[in-house]
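# Residue-level structure breakdown
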Amino acid sequence: MDLSKHFQDAADSIRAAHALVITAGAGMGVDSGLPDFRGNSGFWKAYPPYEKLGLSFVDAANPEHFERDPAFGWGFYGHRTNLYRATVPHHGFHILLDWIERFALDSFVATSNVDGQFQKAGFAEDAILEFHGSIHHLQCTRPCSNRIWENRESFRIDEQTMTSDHVPLCSRCGSTARPNILMFGDWSWIEDRTSLQQERFRSFLSRQSGKRVVVVEMGAGTAIPTVRATSERIGAFANARLIRINTREPQISPPHIPLPCGALEGLSAINELLR
């Protein structure tokens with residue numbers, strides 16, 4: 001499939017834009033070396049002990065573990081905390097930052113990822129919406145209050161049993177603390193931090209009325225469609241264009257632009273045409 005016209009259309013759209021909305025799902029992190037949890041096989045490849053236990057990603061990412069066996073609950077999330085802290089954002093993040101600066105674009109990031117990679121790459125904290133929260137923030141499991149605090153905890157994980165040597169506690173009530181992440185079957189997630197981000201995002205979008213807005217969506221699948229639905233809602237604005245970069249599910253109707261490739265590959269190819 002010859003993608004040259006699609007890449008050129010994408011470059012032309014960015015060059016003519018007034019604002020850039022960056023939407024990203026789990027596929028954005030693959031080029032940084034983060035695991036792909038697509039299906040049980042992908043999850044078990046990243047975390048073999050869970051296959052032996054017969055646990056899927058949905059099972060592992062369940063808040064009940066923090067009540068029943070906190071060391072096991074933190075085995076998964078402590079491991080991910082360490083992984084995300086050690087991960088270096090790939091060059092695609094810096095390409096996006098360069099476009100924002102070079103073309104003087106008003107911009108905002110909306111992501112389902114909880115890894116904090118956009119902040120680490122240098123995107124403004126007050127221009128990021130994390131739909132599902134962040135592993136770098138904690139809350140009480142009960143919860144005894146709506147307090148959300150920074151995750152400064154250290155974890156050593158036994159990768160045979162996937163248990164943590166350390167379980168963070170709430171300083172107010174002494175209960176187990178958990179990541180401020182929306183998990184599966186989760187009734188105790190404190191959404192205050194994300195709600196404030198949502199308000200800033202709505203304010204940003206209200207400023208774009210009548211302007212040429214480009215949405216660059218990367219690695220957002222259909223299994224949990226939050227990011228894709230957001231991209232398409234903005235793509236329906238007058239003068240808006242959606243560029244969907246997705247290896248497996250790039251489908252989008254004209255005038256929007258499908259790019260069936262990885263995030264770094266797609267951004268690099270567009271960037272070559274913008275030099």
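None of the values given here were measured: they were computed from a predicted structure.

Attention now moves to unusual backbone geometry. Cis geometry is adopted by the peptide bond preceding proline 143, which originates at arginine 142 and carries an omega value of -10°. Mapped onto the fold, proline 143 is located in the loop between strand E4 (133-140) and strand E5 (148-150). Between proline 254 and proline 255 the backbone carries a cis peptide bond, its omega angle lying at 10°. By the element assignment, proline 255 lies in the loop between strand E10 (240-245) and strand E11 (257-259). If you check the backbone angles, alanine 104 has positive phi at about 50° while not being a glycine. Mapped onto the secondary structure, alanine 104 falls in the loop between helix H7 (91-102) and strand E2 (106-111).

The strand order across the open sheet formed by 6 strands is E3-E2-E1-E9-E10-E11, and the pairing between neighbours is parallel. With one partner strand each, in any of the chains shown, strand E3 (128-130) and E11 form the two edges of the open sheet. Within this sheet the neighbouring strands show an average axis-to-axis angle of 15°, counted without direction. Across 3 bridges, the pairing between E2 and E3 is parallel.

Here the focus is the side chain of arginine 244. Among the secondary structure elements, arginine 244 is positioned in strand E10. Dropping the residues within four chain positions of it, arginine 244 is found in contact with Glu217, Arg228, Glu232, Glu249, Pro250, Gln251, Ile252, Ile257, Pro258 and Leu259.

Scanning all chains against the criterion turns up 0 disulfides. The closest cysteine sulfur to the non-disulfide-bonded cysteine 144 is located on cysteine 170, 3.6 Å from its own sulfur. For cysteine 144, a relative accessible area of 31% translates into the label partly exposed.

Pairing is antiparallel in the open sheet, where 3 strands are placed in the order E5-E4-E8. Where the open sheet ends on each side, the last strands, each with one partner, are E5 and strand E8 (177-181). Adjacent strand axes in the sheet meet at a mean angle of 50° when their direction is disregarded. Across 3 bridges, E4 lies against E5 in antiparallel orientation. The residue of E5 that forms the bridge with glutamine 139 is isoleucine 148. Against the sheet, helix H6 (residues 70-86) engages E4 and E8, with an angle of about 140° to E4.

Moving on to the packing of aromatic side chains. In this description, a pair of aromatic rings is defined by centroid distance and the angle of the planes. Under the definition given, this model contains 19 aromatic pairs. Look at phenylalanine 43 and phenylalanine 57: their rings are 5.7 Å apart centre to centre, the planes differ by 55°, and that puts the pair in the tilted class. Separated by 14 residues along the polypeptide, phenylalanine 43 in helix H2 (residues 39-46) and phenylalanine 57 in helix H4 (residues 57-60) bring together distant segments of the chain. Look at phenylalanine 43 and you get buried, because its relative accessible area is 0%. For phenylalanine 57, a relative accessible area of 21% puts it in the partly exposed group. A ring pair is formed by phenylalanine 43 and phenylalanine 76, whose centres lie 5.9 Å apart and whose planes are at 80°; its orientation type is edge-to-face. One end of the pair, phenylalanine 43, is in helix H2; the other, phenylalanine 76, is in helix H6, with 33 residues separating them in the sequence. The exposure class of phenylalanine 76 is buried, given its relative accessible area of 1%. Seen from the ring of tryptophan 149, arginine 147 lies directly overhead, with NZ or CZ sitting 4.1 Å from the centre.

Conventions and cut-offs
Residues numbered from 1 in each chain as written. Predicted model: local features only at pLDDT ≥ 70, side-chain atom pairs only at ≥ 80, totals over all residues. Heavy atoms only, no water. Helix = DSSP H or I, 4+ residues; strand = E, 2+ residues; numbered from the N terminus. Pairing = 2+ DSSP bridges. Axes fitted to C-alpha atoms, helices over the stretch in contact; angles between N-to-C directions. Contact = heavy atoms within 4.5 Å. Disulfide = S-S within 2.5 Å. Buried < 20%, exposed > 50% of the residue type's maximum accessible area, 1.4 Å probe, protein only. Phe/Tyr/Trp six-rings, centres within 6.5 Å; stacked < 30°, edge-to-face > 60°. Lys NZ or Arg CZ within 6 Å of the ring centre and 35° of its normal.

These figures capture arrangement, not role.
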